[in-house]
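Chain by chain, the residues:
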Amino acid sequence: MNTSQAAPTGASNLVTAHALPSYLQADNLGPWGIYLQQVDRVVPYLGNLARWAETLKRPKRALIVDVPIQLDNGTVAHFEGYRVQHNTSRGPGKGGVRFHQDVTLSEVMALSAWMSIKNAAVNVPFGGAKGGIRVDPKTLSIGELERVTRRYTSEIGIIIGPTKDIPAPDVNTNEKVMAWMMDTYSMNEGATATGVVTGKPVDLGGSLGRREATGRGVFTVGCEAARHIGLDISKARVAVQGFGNVGGIAAKLFAQAGSKVVAVQDHGGTIFRESGLDVTALLAHVAHVGSVKGYADTDVMPDDAFWGVACDIMIPAALEGQITAANAGQIQARMVIEGANGPTTPQADDILHDRNVLVLPDVIANAGGVTVSYFEWVQDFSSFFWSEDEINERLVRIMKDAFGAVWQVAQDNQVSLRTATFIVACKRILHSREMRGLYP
Ligand code: GLU
């Protein structure tokens, strides 16, 4: 299928016709189609605000840019880039930028919408936005990567800014990329504007604790949920897909709390150790080698077998569309914590629900990153920086409060945590929408 089949009425002109890679075709909806279905599920709970619900089904603004760069061999290559601002009712657009060979406009639209929901769920004063470039960064030299980043930043410079839309790291982007983005924007503006991106190096106006924040948030909501269902974290078996900034840090925190991390899967393969992996040593191996492949003293297992691993907690922390109707039935865990954005399809969500597997949805579970991005943005504006303890303490407080509120809404309405998070967030967004009113 192509993405236009998944497009809503009126938005099909925004969608490119590139064939979707298999993980984006999960259960045949595509990411934007999945998001629309999630919104539909929540409309009955919105009361009078439901009359504004159509707002949520359209991105406010979507920009497609051509990113031409000179390659090291002297030829010119063109890449397609996007920045989508889904909603700005509650504040400036906010969300990451990903570099990946499979990036499509449909995907970036969905990711921007999930940022609107996420930011409202943890009640930070941001709307939702996302960006991406369809490029495999592994094929670029460091110089080419810098040129792609700078040209993309310059192209989207017409819609981003510290009070308009603030990018951050996402899949395959990091502090170094954020430093180039900040510098490019600042050069064009003629003044250093640290607040234009978050996730920067600490020495350039970044925040302590930002790099670990998403993983710490995953761990925090995991502990809260475990308490509610009577699961002892110190005895839990954990399986993690994706061992980067999110999965790696979450695994480390669970291991420190006594959990056994029994299986890890990344792009290099799937490893398993019944007695629990040494997460610190595995992190060092991945930092050195680039993947879990080749890590000593483990059983290598076929990638498909990962989903059936005997565990209590499963953390998909890689890409979208990983837990589908095809593998949801195999999951043994009592709880799935979505470290990635959009890892579970709606069909898989229903299967997990019927099988009594609790899903902690992305829009609350991985909100720790953007929460500390908010702290970073505030610190940049005031040029006054907080200690790591202050950051972590505030992060944990926000995550616990937000998760507690979502848990209560789920209980009160007898709905999934995903629908409950959407209820909380959509009400906040649409309430702002209503108070602001229509212009003109
Ligand atoms: N890319 C991260 C996310 O999906 C962080 C976004 C941000 O900090 O703005 O939540």
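Everything here concerns the structure above.
Notes on the structure in this doc start here.

Criteria and cut-off values
Residues numbered from 1 in each chain as written. Predicted model: local features only at pLDDT ≥ 70, side-chain atom pairs only at ≥ 80, totals over all residues. Heavy atoms only, no water. Near = heavy atom within 4 Å. Polar contact = N/O pair within 3.5 Å; in protein donor to acceptor, adjacent residues only side chain to side chain. Areas by Shrake-Rupley, 256 points an atom, 1.4 Å probe, with all protein chains shown as cover. Nonpolar A, V, L, I, M, F, W, Y, C, P; charged D, E, K, R; others polar. Core = buried A, V, L, I, M, F, W, Y, C linked by side-chain atoms within 4.5 Å. Buried < 20%, exposed > 50% of the residue type's maximum accessible area, 1.4 Å probe, protein only. Helix = DSSP H or I, 4+ residues; strand = E, 2+ residues; numbered from the N terminus. Contact = heavy atoms within 4.5 Å. Pairing = 2+ DSSP bridges. Axes fitted to C-alpha atoms, helices over the stretch in contact; angles between N-to-C directions. Phe/Tyr/Trp six-rings, centres within 6.5 Å; stacked < 30°, edge-to-face > 60°.

Let us look at the site of the ligand. Around the ligand sit 14 residues, and of these Lys94, Lys118, Pro169, Asp170 and Ser373 come closest. One of the backbone N or O atoms of proline 169 is found 2.9 Å from a nitrogen atom in the ligand. Between an oxygen atom of the ligand and a side-chain N or O atom of arginine 210, the distance comes to 3.1 Å. Burial of the ligand by the protein amounts to 95% of the accessible area it has alone, namely 300 Å². In the shell around the ligand, the residues fall into four nonpolar, five polar and five charged.

Moving on, we get to the nonpolar core. Counting residues in each nonpolar core, the largest one holds 88 residues, and the members touching the most others are Tyr35, Leu282, Ile313, Ile315, Ile337, Leu360 and Phe422. Of all the elements, helix 2 (residues 105-121) adds the most residues to this core, at ten residues. For leucine 282, the contacting residues outside a window of four places in its chain are Phe243, Val264, Ile271, Leu277, Val292 and Tyr295. The next biggest cluster of nonpolar side chains, apart from the first, holds 27 residues, and it includes Leu63, Leu71, Tyr152 and Ile156.

Strand order in the open sheet formed by four strands is 1-2-5-4, with mixed pairing between adjacent strands. The sheet is open, and its two borders are formed by strand 1 (61-70) and strand 4 (97-100), each paired with just one other strand. Across this sheet, the average inter-strand angle for adjacent strands is 20°, counted without regard to direction. Strand direction decides the pairing type here: strand 1 and strand 2 (residues 76-87), joined by ten bridges, are antiparallel. Residue pairing across strands places isoleucine 69 opposite alanine 77, the latter belonging to strand 2.

Evaluation of the coordinates by the stated rule reveals eleven aromatic pairs. Their ring planes at 80° and their centres at 5.0 Å tell us that phenylalanine 219 and phenylalanine 254 sit as a pair that is edge-to-face. Placement of the pair is phenylalanine 219 in helix 5 (residues 210-229) and phenylalanine 254 in helix 6 (residues 247-256), with a sequence separation of 35 residues. You'll find phenylalanine 219 and phenylalanine 254 in the same group, each marked buried. Between phenylalanine 306 and tryptophan 307 the ring centres are 5.0 Å apart and the planes differ by 80°, which places this aromatic pair in the edge-to-face class. Across this residue pair, the class does not change: phenylalanine 306 and tryptophan 307 are buried. A network of ring pairs unites the aromatic residues Phe126, Tyr374, Phe375, Trp377, Phe381 and Trp386 as a single cluster.

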